[in-house]
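# Secondary and tertiary structure notes
So you can see what is in the structure, the chains are spelled out below.
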2 protein chains.
Amino acid sequence: MKIAIVGAGLMGTALSWPLSDNHHEIHLVGTHLDGDIITSCKEHNYHPKLKRYLPERVKPYFIGEIESALKGVDFIVSGVNSLGVHWIGKILSPYLNEGQKIIAVTKGLEASADGKLRILPDVVRSELSPSMRDKVILAAIGGPCIAGELAGRRQSCVIFCSQNIEAADFLAKAFRTDYYHIWTSSNLLSLEISVGLKNAYALAVGMAKGTLEKEGGVDEAGALMYNLTAAIFAQGCTEISRVLKAVGGDPSFTYGLPGVGDLFVTSAGGRSVTLGKLLAKGHSFTEAREILKGETLEAAYIVQQMAKVLSAKRTNMAINKGELPLMEFLIDVIVKGKPANINLDLFF
Amino acid sequence: MKIAIVGAGLMGTALSWPLSDNHHEIHLVGTHLDGDIITSCKEHNYHPKLKRYLPERVKPYFIGEIESALKGVDFIVSGVNSLGVHWIGKILSPYLNEGQKIIAVTKGLEASADGKLRILPDVVRSELSPSMRDKVILAAIGGPCIAGELAGRRQSCVIFCSQNIEAADFLAKAFRTDYYHIWTSSNLLSLEISVGLKNAYALAVGMAKGTLEKEGGVDEAGALMYNLTAAIFAQGCTEISRVLKAVGGDPSFTYGLPGVGDLFVTSAGGRSVTLGKLLAKGHSFTEAREILKGETLEAAYIVQQMAKVLSAKRTNMAINKGELPLMEFLIDVIVKGKPANINLDLFF
């Protein structure tokens, strides 16, 4: 098959490996932010962020070349992050056909203007031309998958979701290898909620790590702060399950790949954890954002969206005040600029 | 109050800190295996395994002095590990009064002779004299709590369970401090299943870490194996939820402190993880046990118990073959001596 990946960041590009190993032809299209990456790919076949040479059968394209890149493809991969979902909908819209499949790696959530919680496939769909809106098939990938490990052909387990389960199965077949293990589900809502929230809760786990650093690290008898970290991790999982219930999703997603799996991998490191550490060490969100200038802080973005949803007069999420104490704490720190002192007694 | 802790290992002893900070008098009784510890405590007030001086108001006792140690105590803490539960029932039995509260730190599970899954409070109860069996109140502590961190007064969140919720609340009040946060529940079955299984699944997480070491660690582009680790972690949580359902427990324990919380902390290190690493690096269980000689391998013990339950003709656990693929894999490795090659495609 011929497949276009739009967005040449870490995750979008990493999906080239299983596709290439399955002998597909891949058109890797950089966004307007990926110019340097595409230049490097064109000149040296080398992806500077992944620090790897691209596999066979990958052809890089600048964003200006998108029309020819999309021509005749069997399906499209959206490789943008959660801040790029409106853009990807707009940019793809003119080139779509009826029945076109689009599978997204994007993990996030968005609040509508009136405070409704929206999953990202719905956001993408809203940016398509009205005539095409209900004629394309949207799918999403969730689960614990660090891009650099997938590109290194290391064992990875994910879930492909689409309300059209045949499409999810079709896409899974295109990607499945002996290192990229894929399960399918039609419960797109539950997947998106789980993987969207995990960045925010990974930020909270990062705060536990930052608290340890702030208090001088290991103590005289060798004690770290795994107990605190684990409690925050567990509270994050508990809150994911509560939001799933509140939107009519399936709480069992919490203890599978999209919930605990994805949170586990995100809590191991990365920008969300780094941001959490800075906040725990006493920096305000404004200061932390300045320190991390140039990085996309998806975790903070999700907290901001949840703040809008939780403060909305009429929402689509049946949740009471106090049911998400960790998220409310994150909102206090990120949105209201309060200091990062967690009250654990509000948990569970 | 006056409180006896029987078992002067890491966790039993660590509970002295919150009790002491709440101004209780603590009688710390070593088992027959704790002779050196009690000698050190008596002579230098120093616990050699915790690497800390005991807090105020702790009086150490040898096992031979148990009668005077238990005299007039308000409640008893059982600090033994899962291999000591029969012993603790027998040793305490003569000294118990009607309404006596016993709270255990022990995490484990046991198969009865005919293959029924038993939680440890039931095992302890079965060792008491028939006249006292239904007259004592058993409680248990679960959740992510590394003993050295609790003794270092680092933030820890746990759950106290007893079918007698007033007793759980009474005990929680005795222990609760500004660093030891306690929730209570009457669902003892769900707590015991969750915290009992987590050692076995932490062993599996250790295997992922061992696989990384076996394959040479980080690759040329910096990739580790968090994806694999997270998938195994998520599968462990999924299987905990399935066992909970199968015994009529509450699957939501999976995503709270006793499930993901306890598994998270146990997966961070310790003997279960060390055993998993050795197995993944190619050692048979027999070899690994030899290398770890002298260590209590509770994780392996739980896998052996689950093997008996899953192969029993008539069991109390309504589960089908294939529903616990990770546990079945652990049984293959630990009980049947097979090599540690996980088939991820059997998961979820």
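Now for a description of the structure that goes with this document.

Rules and cut-offs
- Starting afresh in each chain, residues are numbered from 1 along the sequence in its written order.
- All chains are assigned letters beginning with A, and all ligands numbers beginning with 1, in the order in which they are written.
- With pLDDT at 70 or above as the cut-off, local features in this predicted model cover only qualifying residues; side-chain atom pairs require 80 or more to be listed or tallied, and sums for whole chains, interfaces and linings still use all residues.
- Hydrogens and water molecules were not included; the side-chain quantities draw on all heavy atoms of the structure.
- Think of it this way: DSSP has to see at least two bridges between two strands before they count as a pair.
- Every helix listed is a DSSP run of H or I at least four residues long, and every strand listed is a run of E at least two residues long, numbered separately from the N terminus.
- For helices, the fitted axis covers only the stretch in contact; all axes are lines through C-alpha atoms, and the angles between them, taken along N-to-C directions, range from 0 to 180 degrees.
- Contacts were defined at the residue level, with two residues in contact if any of their heavy atoms lie within 4.5 Å.
- The buried area of a pairing is the accessible area, by a 1.4 Å probe, that goes missing from both parts when the two are put together, added over both.
- Should a side-chain nitrogen of Lys or Arg be within 4 Å of a carboxyl oxygen of Asp or Glu, the pair is scored as a salt bridge.
- Pairs of N or O atoms are called polar contacts if they sit within 3.5 Å, as long as, within protein, a hydrogen donor faces a hydrogen acceptor (for residues adjacent in sequence, only side-chain-to-side-chain pairs).
- Under this grouping Gly is polar, as are all residues other than the nonpolar Ala, Val, Leu, Ile, Met, Phe, Trp, Tyr, Cys and Pro and the charged Asp, Glu, Lys and Arg.
- Each residue gets one of three labels from its accessible area relative to the maximum for its type: buried under 20%, exposed over 50%, partly exposed in between, using a 1.4 Å probe on protein chains only.
- Each copy is superposed on the other by least squares, with the fit set by C-alpha atoms of residues at a pLDDT of at least 70 in both.
- Between 30 and 60 degrees the pair is tilted, below 30 it is stacked and above 60 it is edge-to-face, where a pair is any two Phe, Tyr or Trp rings, Trp via its six-membered ring, whose centres lie within 6.5 Å.
- A helix's residues, less one, multiplied by 1.5 Å, set its expected span.

Moving on: the sheet that holds strand S12 (residues 180-185) of chain B. All names here are of chain B. With mixed pairing, the 8 strands of this open sheet are ordered in space as S5-S2-S1-S6-S7-S10-S11-S12. Each of the sheet's edge strands pairs with one partner strand only, and the pair in question is strand S5 (58-61) and S12. Taking the axes of each pair of neighbouring strands and ignoring which way they run, one obtains an average angle of 25 degrees across the sheet. Bridging between strand S11 (residues 156-161) and S12 involves 6 bridges; their strand directions are parallel. Considered in S12, the bridge of Val158 is made with Ile182.

Note on interface size: it is often stated as the accessible area lost on association of the parts. Taken together, the contact pairs 52 residues of chain B with 52 residues of chain A. Carbon and sulfur atoms supply 63% of the area buried between chain B and chain A, which totals about 4100 Å² over both sides. Taken as a group, B:Arg154, B:Asn227 and B:Tyr255 account for 21% of the area that chain B buries against chain A, more than any other trio of residues on that side. Applying the counting rule to chain B against chain A returns 4 salt bridges. Where B:Glu220 meets A:Arg52, a salt bridge forms, and the shortest distance between an N and an O atom there is 3.4 Å. Our count for the contact surface shared by chain B and chain A stands at 27 residue pairs in polar contact (both at pLDDT 80 or more). The set of elements that each furnish at least two residues to the side of chain B that touches chain A consists of helix H7 (147-151), S11, S12, helix H10 (226-246) and helix H11 (257-267) of chain B. Within the side of chain B that touches chain A, the residues separate by chemical class into 30 nonpolar, 13 polar and 9 charged.

What follows is about the sheet that holds strand S7 (residues 101-104) of chain A. All names here are of chain A. What the 8 strands build is an open sheet, ordered S5-S2-S1-S6-S7-S10-S11-S12; its pairing is mixed. Edge positions in the sheet fall to strand S5 (58-61) and strand S12 (180-185), since each has one partner strand and no second. Neighbouring strand axes in the sheet, compared pairwise and without regard to direction, differ in orientation by 25 degrees on average. Running over the sheet, helix H3 (residues 35-44) touches strand S2 (25-29) and S5 and is turned about 135 degrees from S5.

This brings us to the pairing of S2(A). All names here are of chain A. In terms of residue burial, S2 counts as a mostly covered element, since 4 of its 5 residues are buried. Alignment of strand S1 (residues 2-6) against S2, held across 5 bridges, turns out to be parallel. Within S2, the residue paired with Val6 across the bridge is Val29. Sheet topology places S2 next to S5; 4 bridges connect them, and they run parallel. When the sheet's bridge partners are listed, Val29 is paired in S5 with Tyr61.

Before going further, it helps to examine the side chain of B:Ser190. All names here are of chain B. By the element assignment, Ser190 lies in helix H9 (residues 188-214). What makes Ser190 buried here is its relative accessible area of 0%. A polar atom in the side chain of Ser190 sits 2.8 Å from the backbone nitrogen of Asp250. When residues no more than four places from it in sequence are discounted, the contact partners of Ser190 are Leu244, Gly249, Asp250 and Phe253.

Moving on to the relation of the copies chain B and chain A. It takes a turn of 180 degrees to lay chain B on chain A, together with a shift of 0.0 Å along the axis; the resulting RMSD is 0.0 Å. Read as a symmetry element, the transformation amounts to a two-fold axis. Measuring from the rotation axis to each C-alpha of chain B, the shortest distance belongs to B:Tyr255, at 3.3 Å. A share of 100% of the interface residues of chain B reappears at the interface of chain A, consistent with the copies meeting face to face through the same patch.

Let us now look at the packing of aromatic side chains. Scanning the model with the defined rule gives 21 aromatic pairs over all chains in all. Taking 6.4 Å as the distance between ring centres and 65 degrees as the angle between the ring planes, the aromatic pair formed by B:Phe175 and B:Tyr180 counts as edge-to-face. Of the two residues, B:Phe175 and B:Tyr180, both sit in the buried class. Ring pairing ties together the aromatic residues A:Phe75, A:Phe160, A:Phe170, A:Phe175 and A:Tyr180, which thus form one cluster.

Moving on, we come to the pattern of salt bridges. Summed over all chains, the structure comprises 32 salt bridges over all chains. Where A:Lys321 meets A:Glu328, a salt bridge forms, and the shortest distance between an N and an O atom there is 3.6 Å. Of the residues examined, A:Glu328 reaches a relative accessible area of 21% and is grouped as partly exposed. Several salt bridges converge on common partners, so that one network encompasses A:Arg52, B:Asp219 and B:Glu220.

For the rest of this paragraph, the subject is helix H9 (residues 188-214) of chain A. All names here are of chain A. With 27 residues, H9 ought to run about 39 Å at 1.5 Å a step, and its terminal C-alpha atoms sit 40 Å apart, in line with that. Where burial is concerned, most of H9 is hidden: 22 out of the 27 residues are buried. Downstream of H9 by a residue or two, Gly216 has a phi angle that is positive, lying close to 90 degrees.

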